[in-house]
Amino acid sequence: MEPHPFGTAPADSLPLESLSVEPLLTSEFDADPGSVYGRLRRTYGPVAPVGLLGVPVWLVLDYREVLEVLRNESQWRRDIRYWRARAEGRLPHGWPLLAGYEVRQTMFMDDEEHRAARQTYHTALGPFQDSRTPQGWELRSAVVAYADELVAMLAAESGAVGFADLAAQYTRPLLLMVTTRLFGCPVELGDELVMDLWRMLDGGPDAGPATGRALAAMTRLAAHRRALPGDDLTSYMLLADPTLSDEQLGRELFMNAVYLTDITGNMVCNTLLEVLRGNATVRRSLSAGLIGETVNRAALANTPVANMCFRFAARDVRLGNFWIRAGDVVSPSSAAAHQDLMAIGSHIVDSTVSTRAHLGWGAGPHQCPTAARELAGTIVTTAVGRIFEHFTKVELTLPPDQLPWRSGPVVRGLRLLPVRYELSGRSPAGRQSVGGNGSGVARSDAVRASERHARGLLGALRQLMFGGRKGD
Ligand code: HEM
């Protein structure tokens, strides 16, 4: 192990704010982030100074350096109060990314406060993670029921052979339905929440007010479940930590809603895409029934959290070819680290563990909590699995390199996943309409409750998906 290169930055090393930086979020980055990471690496080495909407940031590109930043919490802090440029009032007024970083929740805590918050998650998410508990079993049944209802809705709208956007018409509504169920939103609140999260995720002109409304809705949900506890994550968070105020719980739920809807949804779409574009190893693992492995391989090829949240240097430290000064901001890029990992491969990981070496879940003390990963993994594998269960044929209607991507400072996800499908003759979706079940199989109360909940949400989602069209 090399000694840690702490010290005081030499006087002749240039501070971040004095370097000329190239903006990261360009149309080239939107179309092909890999080529941008490659060029930055060739120019600067494992760490590069870049501009993020006008603010200079160190982008960490290489696998080894990214792991160092993610794992070493005494050097790389999450609390935004460590950020020197912010403390000195040097950030541009109204800088768009600051609002999110100012929402103080688990991701932006350090040390004991952070460990206690993770313990709350561990306790509250535990029952949903395990398929042998009633909560875990019911959630899994609900995901299957929602997926089947959405496919039935597609079949009702477009026929047994037709065209669909699997991002807008399947993945996003599915994740929003799962979120409202997991959080224990009463249907009336759920409809409102679904609409606002949709507006927030699409970043339209009213995304700001919609975000405020979604935060307020989460806070109201926290108050509602405090008064009327149920079998849901919100109530279990309160049981795990009764000192949580409604506002703090609202902030945690808000952050989880982003993970559950946007990030998990991107993982579903990215996995579907890797299968549909013919990624040979992804297909092989799918046809061998190794769907977890399929997801790992898709995460390596196209990770949804492309650039992880900021860390702030606690002390001056050398990283890559630069001196990073105390209070500087760094963004560890898992997407760039994966590119590096695939290039160096066996020097870091041997072939038997290589697909699990992906940083899709993060690493170190802030990595995605185990229970959340299990839950997300189940949702992703079920969502992907149901598609190939229902359809005999699914093919992209655009060449893979023409698919439109949403490439923000953190997330990379598909805007659309347009396909042509053929429903399997065996699929109950072809015979089933929303609100009915043609299978004739006796269903448990839990599954019937899932279906009632799905129908309430489907009304709202139908409005969102088709509401603009006349005659629907
Ligand atoms: C496929 C879906 C998901 C992916 C790819 C994912 C990925 C990640 C990543 C990369 C981080 C670390 C971020 C960083 O260090 O900057 C993280 C943290 C976190 N995730 Fe997930 N996540 C997913 C689903 C979920 C779900 C479903 C939940 C909750 C229900 C969740 C809850 C959390 C929490 C609470 C943290 C913060 C942990 C901390 O700061 O200690 N995630 N996730």
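Figured I'd write up the structure that's included with this text. None of these values were measured; they are calculated from a predicted model. (Residues numbered from 1 in each chain as written. Predicted model: local features only at pLDDT ≥ 70, side-chain atom pairs only at ≥ 80, totals over all residues. Heavy atoms only, no water.)

1. Overview of the sheet that holds strand 9 (residues 329–332)
Heads up, the rule is: Strand pairing is assigned whenever DSSP identifies at least 2 bridges connecting the two strands. Segments assigned H or I by DSSP are reported as helices when at least four residues long, segments assigned E as strands when at least two residues long, and all are numbered from the N terminus. The contact criterion used is simple: two residues touch if any of their non-hydrogen atoms lie within 4.5 Å. Only C-alpha atoms enter the line fits that serve as axes; for helices the fit covers just the stretch in contact. Angles between N-to-C directions range over 0 to 180 degrees.
Overall, mixed pairing links the six strands, which are arranged 1-2-3-9-6-4 in an open sheet. The strands lining the two open edges of the sheet, one partner per strand, are strand 1 (22–23) and strand 4 (76–77). Alignment of strand 4 against strand 6 (residues 311–313), held across two bridges, turns out to be antiparallel. Bridged to Trp76 within strand 6 is Ala313. On the sheet, helix 2 (residues 33–44) packs against strand 1, strand 2 (47–52) and strand 3 (55–60) and is oriented at approximately 125° with respect to strand 2.

2. As for the coordination of the iron atom of the ligand
Octahedral six-donor coordination of a metal ideally yields angles of 90 or 180 degrees, compared with 109.5 degrees for tetrahedral four-donor coordination. Just so we agree on the cut-off: The donor set covers N, O and S atoms within 2.8 Å of the metal, switching to 3.2 Å for Na, K and Ca, and it leaves out water, so a site may look short of donors.
Among all protein atoms, only Cys368 (SG) binds the iron atom of the ligand, sitting 2.3 Å from it. Within the secondary structure, Cys368 sits in the loop between helix 15 (334–344) and helix 16 (370–390).

3. A closer look at unusual backbone geometry
Which entries qualify depends on this criterion: Between buried and exposed lies partly exposed: a residue is buried under 20% and exposed over 50% of the maximum accessible area for its type, with that area taken using a 1.4 Å probe on protein chains only.
Even without glycine at this site, Leu53 takes up a positive phi of about 50°. Topologically, Leu53 is positioned in the loop between strand 2 and strand 3. When its relative accessible area of 43% is taken as the criterion, Leu53 is described as partly exposed.

4. Points about the side chain of Thr120
Topologically, Thr120 is positioned in helix 6 (residues 111–129). What makes Thr120 buried here is its relative accessible area of 10%.

5. What about the packing of aromatic side chains?
Put simply, the test is: Note on aromatic contacts: the rings of Phe and Tyr and the six-membered ring of Trp form a pair at centre separations within 6.5 Å, being stacked when their planes are under 30 degrees apart, edge-to-face when over 60 apart, and tilted otherwise. Either the NZ atom of lysine or the CZ atom of arginine qualifies as a charge over a ring when it sits within 6 Å of the ring centre and within 35 degrees of the ring normal.
Per the stated rule, a full pass over the model turns up eleven aromatic pairs. Cluster of aromatic residues (ring-pair linked, three or more members): Trp83, Trp95, Tyr101, Phe108, Phe310 and Phe312. Above the face of the Trp405 ring, Arg412 is positioned so that its terminal group lies 4.1 Å from the ring centre.

6. Section: helix 7 (residues 134–158)
Where we set the bar: For a helix, the expected span equals 1.5 Å multiplied by the number of residues minus one.
Helix length check: helix 7 (25 residues) gives 36 Å between terminal C-alpha atoms against 36 Å at 1.5 Å per residue, within 8%. For helix 7, the buried fraction is high: 18 of the 25 residues fall into the buried class. After helix 7 finishes, the residue Gly159 shows a positive phi value of roughly 95°.

7. Re the environment of Gly208
Residue position: Gly208 is located in helix 10 (residues 207–227). Taking the C-alpha atoms as reference, Gly208 lies 9.9 Å from Pro96; in sequence the two are 112 residues apart.

8. Overview of the environment of Gly162
For Gly162, the position within the fold is in strand 5 (residues 161–165). Sequence separation of Gly162 and Leu423 is 261 residues, and the distance between their C-alpha atoms is 8.7 Å. Those residues in contact with Gly162, other than ones at most four positions away along the chain, are Val419, Arg420 and Tyr421.

9. Some thoughts on the site of the ligand
To keep things clear, this is the line we draw: One heavy atom within 4 Å of a molecule or strand is enough for the residue carrying it to be called near that molecule or strand. Polar contact is the term for a pair of N or O atoms within 3.5 Å; when the atoms are in protein, one must be able to donate a hydrogen and the other to accept it, and sequence-neighboring residues count only if both atoms are side-chain atoms.
The local shell around the ligand holds 26 residues, among which His114, Arg118, Arg311, His366 and Cys368 are the closest. Arg311 is positioned with one of its side-chain polar atoms (N or O) 2.8 Å from an oxygen atom of the ligand. Measuring from an oxygen atom of the ligand, one finds a side-chain N or O atom of His366 at 2.7 Å. Broken down by secondary-structure element, the contributors of at least two residues to the shell around the ligand are helix 6, helix 12 (246–276) and helix 16. With seven residues, the top contributor of residues to the shell around the ligand is helix 12.

10. Some thoughts on the nonpolar core
Under the convention used in this document: Side-chain atoms within 4.5 Å are what join buried Ala, Val, Leu, Ile, Met, Phe, Trp, Tyr and Cys residues into a set we call a nonpolar core. Here the limits of each domain have been adopted from an automatic or database domain assignment.
Core analysis: the largest hydrophobic core is formed by 124 residues, its most contacted members being Trp83, Phe183 and Ile324. Here the element with the most residues in this core is helix 12; it accounts for 13 residues. The residue makeup of this core includes at least three contributed by each of domain 1 (1–102 + 309–358) and domain 2 (109–302 + 366–472). Once you skip the residues sitting within four places of it in the chain, Phe183 turns out to touch Met218, Leu221, Arg225, Asp232, Leu233, Thr234, Leu253, Asn256, Ala257 and Leu260.

11. As for the pattern of salt bridges
So the rule is basically this: Throughout this description, the term salt bridge denotes a Lys or Arg side-chain nitrogen within 4 Å of a carboxyl oxygen of Asp or Glu.
If you walk through the whole model with that rule in mind, you get 24 salt bridges. Across the salt bridge formed by Arg104 and Glu113, the nearest N and O atoms sit 2.6 Å from each other. By relative accessible area, which is 25% here, Arg104 ends up partly exposed. Judged by relative accessible area, Glu113 falls into the partly exposed class, the value being 39%. The salt bridge partner of Arg115 is Glu112, with a shortest N-O separation of 3.6 Å. Placement of the pair is Arg115 and Glu112 together in helix 6, with a separation of three residues, close to one helical turn. What makes Arg115 partly exposed here is its relative accessible area of 41%. Here the salt bridges share partners, and the residues they tie into one network are Glu17, Arg84, Glu88, Arg90 and Asp328.

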